[in-house]
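So the chains spell out like this:
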Amino acid sequence: MSPEKMVHMANQIAIFFKSQPEENRADQVAGHLTDFWEPRMRAQLLSYIESGGQGLDDLVLKAAHIIQQN
């Protein structure tokens, strides 16, 4: 998938979860990405972040960190 589309999709997920309690947001975004994004998509996201992650919402970056820890 194009990086632009991936960033857009990830940021949409973050926007949705911003309506949730703040202490759970990153965990919920990470859970959504783990449950609904196939491994190739998650790998692409993590690779994109390693190269700078331009345009990604901070909540996506926090969620990606959680995914990397698991």
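Residues numbered from 1 in each chain as written. Predicted model: local features only at pLDDT ≥ 70, side-chain atom pairs only at ≥ 80, totals over all residues. Heavy atoms only, no water.

### Focus on the overall build of the chain
Okay, so step 1: Across its full length, the chain holds 4 helices and 0 strands.
Okay, so step 2: Shown N-terminal to C-terminal, the secondary structure of the chain runs as helices and strands in the order α-α-α-α.
Okay, so step 3: In terms of C-alpha radius of gyration, the chain reaches 11 Å, essentially the compact-globule figure of 11 Å for 70 residues.
Okay, so step 4: Across the 70 residues that make up the chain, the buried fraction comes to 37%.
Okay, so step 5: Pairs at least 24 apart in sequence give 62% of the contacts found in the chain among residues at least 6 apart.
Okay, so step 6: Just so you have it, the chain exposes about 4500 Å², and 51% of that area is on carbon and sulfur atoms.
Okay, so step 7: One finds the centroid of the 6 positive side-chain charges in the chain at a distance of 4 Å from the centroid of its 9 negative side-chain charges. (Helix = DSSP H or I, 4+ residues; strand = E, 2+ residues; numbered from the N terminus. Rg over C-alpha atoms; globule rule 2.2 N^0.38 Å. Buried < 20%, exposed > 50% of the residue type's maximum accessible area, 1.4 Å probe, protein only. Contact = heavy atoms within 4.5 Å. Areas by Shrake-Rupley, 256 points an atom, 1.4 Å probe, with all protein chains shown as cover. Lys, Arg positive; Asp, Glu negative; His and termini not counted. Charge placed at Lys NZ, Arg CZ, Asp CG, Glu CD.)

### What to know about the environment of Trp37
Okay, so step 1: Looking at the element boundaries, Trp37 is found in the loop between α2 (25–36) and α3 (39–50).
Okay, so step 2: Exposure remark for Trp37: the relative accessible area of 5% places this residue in the buried category.
Okay, so step 3: Measuring from C-alpha to C-alpha, the distance between Trp37 and Ala10 comes to 9.9 Å, with 27 residues separating the pair along the chain.
Okay, so step 4: Not counting residues within four places of it along the chain, the set of residues in contact with Trp37 comprises Met6, Met9, Ala10, Ile13, His32, Arg42 and Leu45.

### A look at the packing of helix α1 (residues 3–17) against α2
Okay, so step 1: Interhelical geometry of α1 versus α2 gives an angle of 135° and a closest axis separation of 10 Å. Judged on the interaxial angle alone, α2 and α1 are oblique. Here the hand of the crossing between α1 and α2 comes out right-handed. Taking contact as the criterion, the partners of Ile13, Ala14 and Phe17 in α1 are, on α2, Arg25, Gln28, Val29, His32 and Leu33.
Okay, so step 2: Its residues assigned to classes, the contact of α1 with α2 shows 5 nonpolar, 2 polar and 1 charged. (Axes fitted to C-alpha atoms, helices over the stretch in contact; angles between N-to-C directions. Parallel < 35°, antiparallel > 145°, perpendicular 65-115°, else oblique. Left-handed = near helix turned anticlockwise from the far one by under 90°. Nonpolar A, V, L, I, M, F, W, Y, C, P; charged D, E, K, R; others polar.)

### Regarding the packing of α2 against helix α4 (residues 58–69)
Okay, so step 1: Where α2 meets α4, the axes come as close as 8 Å, and the angle between the chain directions of the two elements is 65°. With respect to α4, the element α2 is oriented roughly perpendicular. Seen from above, α2 lies across α4 with right-handed handedness. From α2, Arg25, Ala26, Asp27, Val29, Ala30, Leu33 and Thr34 reach across to α4, where they touch Leu59, Lys62, Ala63, Ile66 and Ile67.
Okay, so step 2: Per-class residue counts for the contact of α2 with α4 are 8 nonpolar, 1 polar and 3 charged.

These values are about where atoms sit, not about what they do.
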